[in-house]
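What follows is the residue order along each chain.
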Amino acid sequence: MAQQTGNTRERCVKASAISWLWRTLSRWPLARLWRASSALGPLVYRFNKREREVTERNLAVVYPHLPASERKSLAQHSLRHSTATMLELGHAWMAEPHQVEAGILAVNGRDKLDSARAEGRGVIVLAPHFGNWEVLNFWLSSHFPFTAMYEPPKITALDPVIRHGRERMGARLVPTNPRGVAALLKALKRSEAIGILPDQEPDWGSGVFAPFFSRDAYTATLLPKLVARTQARVVTGVALRIPGKGFEIHFLDADERVYSPDDVESATGVNASVEAAIALAPAQYQWEYKRYRKVVQEQQKLANYRDYRLY
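Residues numbered from 1 in each chain as written. Predicted model: local features only at pLDDT ≥ 70, side-chain atom pairs only at ≥ 80, totals over all residues. Heavy atoms only, no water.

Section: helix H8 (residues 133-143)
Residues lying three or four places apart along an α-helix face the same way, a consequence of the helix completing one turn every 3.6 residues.
Okay, so step 1: The buried count for H8 comes to nine of eleven residues, which makes it a mostly enclosed element.
Okay, so step 2: All of the buried residues in H8 are Trp133, Glu134, Val135, Leu136, Asn137, Phe138, Trp139, Leu140 and Ser141.
Okay, so step 3: For H8, the N-terminal capping position is held by Asn132, with its side-chain oxygen 3.0 Å away from the main-chain nitrogen of Glu134. (Buried < 20%, exposed > 50% of the residue type's maximum accessible area, 1.4 Å probe, protein only. Helix = DSSP H or I, 4+ residues; strand = E, 2+ residues; numbered from the N terminus. Polar contact = N/O pair within 3.5 Å; in protein donor to acceptor, adjacent residues only side chain to side chain.)

The following block contains the structure:
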């Protein structure tokens with residue numbers, strides 16, 4: 001019991017420190033945050049072995065023909081952008097709304113959302129881990145009725161801080177369970193917008209293997225179920241970082257295969273849509289995520305499936 005109490009106290013102290021840091025950084029201008037990430041990014045690359053190795057392994061799969069020196073440079077730039085995203089969380093969640101809005105320099109493709117809603121259709125926004133997705137959430141929830149799934153953080157004491165930051169402009173967060181899926185369906189039937197993370201690996205039984213660049217990745221199958229029941233329009237949304245200046249919001253038409261009732265075909269379209277977004281600025285994608293953690297051989301229950309793993 002004493003150990004449990006001690007662990008709880010330690011988590012609360014950690015949560016208070018993180019929250020204080022976010023609050024402090026929320027007062028920094030974006031130019032200063034970018035300078036800080038430019039200083040910290042090389043340290044992350046050098047000393048965080050896990051982030052560096054996963055990033056470089058993913059880039060070797062995705063860009064096999066790129067010279068090793070160019071892949072290394074891309075990995076370094078990617079971790080700098082990932083560091084910037086972490087430093088910018090306070091900006092997205094806690095800065096004055098007019099300051100966040102001022103940092104959004106342009107919005108490209110808004111007509112795709114407006115036209116769908118004018119036709120009485122909901123909009124599913126595929127929001128990959130690219131640029132600063134929290135700024136994208138800020139803009140979407142500022143301009144549309146917007147619902148997204150939310151999973152509480154491992155440090156539970158941070159939950160109210162993060163939840164408030166994401167909901168403060170009107171977003172509705174729902175749990176990652178059947179009740180949450182039902183809420184997404186209702187929002188789409190009201191011709192509203194919802195957000196889906198298209199590049200987060202689902203649990204076994206909730207996805208299929210589909211190509212992501214040159215390798216199969218286990219991909220969620222929630223999208224075709226939502227489309228089939230609502231006739232929603234699907235777009236990809238990203239907040240592209242303009243270093244030190246702000247962000248440009250881009251909404252891109254999703255690959256047409258996302259509308260297929262076949263799970264594998266739809267998942268292939270989802271991954272192709274993410275690839276198209278990454279093409280805007282490959283260094284701004286979160287390559288340190290283990291996107292290829294699951295392998296087909298594990299699903300087939302082969303005894304040597306670990307030999308096929310990338311990580």
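Overview of the packing of aromatic side chains
Okay, so step 1: Evaluated as defined, the whole model comprises 13 aromatic pairs.
Okay, so step 2: Ring centres 4.8 Å apart and planes at 55° place the aromatic pair Trp204 and Tyr218 in the tilted group. Linking Trp204 in the loop between strand E5 (193-196) and strand E6 (207-212) with Tyr218 in strand E7 (residues 215-220), this pair joins segments that are 14 residues apart in sequence.
Okay, so step 3: A relative accessible area of 37% means that Trp204 is categorised as partly exposed.
Okay, so step 4: Members of the aromatic cluster, each reached through a chain of ring pairs, are Tyr63, Phe212, Phe213, Tyr285, Trp287 and Tyr292. (Phe/Tyr/Trp six-rings, centres within 6.5 Å; stacked < 30°, edge-to-face > 60°.)

Describing the pattern of salt bridges
Okay, so step 1: Applying the stated rule across the entire model yields 14 salt bridges.
Okay, so step 2: Note that Arg121 and Glu119 form a salt bridge whose closest N and O atoms lie 3.3 Å from each other.
Okay, so step 3: For Arg121, a relative accessible area of 27% puts it in the partly exposed group.
Okay, so step 4: Glu119 sits in the exposed class, given a relative accessible area of 53%.
Okay, so step 5: One salt bridge in this structure joins Glu167 and Arg163, with 3.7 Å as the shortest N-O distance. Of this pair, Glu167 and Arg163 are both found in helix H9 (residues 159-167), four residues apart, which corresponds to roughly one turn of the helix.
Okay, so step 6: The exposure class assigned to Glu167 is partly exposed, which follows from its relative accessible area of 29%.
Okay, so step 7: The class for Arg163 is partly exposed, based on a relative accessible area of 27%. (Salt bridge = Lys/Arg side-chain N within 4 Å of Asp/Glu carboxyl O.)

Focus on the nonpolar core
Okay, so step 1: Counting residues in hydrophobic clusters, the biggest one holds 39 residues, and the most contacted among them are Leu140 and Phe251.
Okay, so step 2: The dominant element in this core, judged by the number of residues it contributes, is H8, at five residues.
Okay, so step 3: Leaving out residues up to four positions away in the same chain, Leu140 has contacts with Leu113, Val125, Phe146 and Phe251.
Okay, so step 4: Listed in part, the 21 residues of the second largest apolar core include Tyr45, Ala75, Leu240 and Ala281. (Core = buried A, V, L, I, M, F, W, Y, C linked by side-chain atoms within 4.5 Å. Contact = heavy atoms within 4.5 Å.)

Looking at the packing of helix H11 (residues 222-230) against helix H12 (residues 263-278)
Okay, so step 1: In the contact formed by H11 and H12, the axes pass within 8 Å of each other and the chain directions differ by 105°. Between H11 and H12, the crossing angle belongs to the class labelled roughly perpendicular. On H12, the residues that touch Leu223, Pro224 and Lys225 of H11 are Asp263, Ser266 and Val270.
Okay, so step 2: Residue composition of the contact of H11 with H12, grouped by class: three nonpolar, one polar and two charged. (Axes fitted to C-alpha atoms, helices over the stretch in contact; angles between N-to-C directions. Parallel < 35°, antiparallel > 145°, perpendicular 65-115°, else oblique. Nonpolar A, V, L, I, M, F, W, Y, C, P; charged D, E, K, R; others polar.)

Observations regarding the packing of helix H2 (residues 30-47) against helix H4 (residues 68-87)
Okay, so step 1: One way to put it is that H2 packs onto H4 with a least axis distance of 8 Å and a crossing angle of 130°. The angle between the axes of H2 and H4 places the two elements in the oblique class. Where H2 crosses over H4, the two elements pack in a sense that is right-handed. For the pair H2 and H4, contact is made by Leu33, Trp34, Ala36, Ser37, Ser38, Leu40, Gly41, Val44 and Tyr45 and by Lys72, Ala75, Gln76, Leu79, Arg80, His81, Thr83, Ala84 and Leu87, respectively.
Okay, so step 2: Classifying every residue of the contact of H2 with H4 gives ten nonpolar, six polar and two charged. (Left-handed = near helix turned anticlockwise from the far one by under 90°.)

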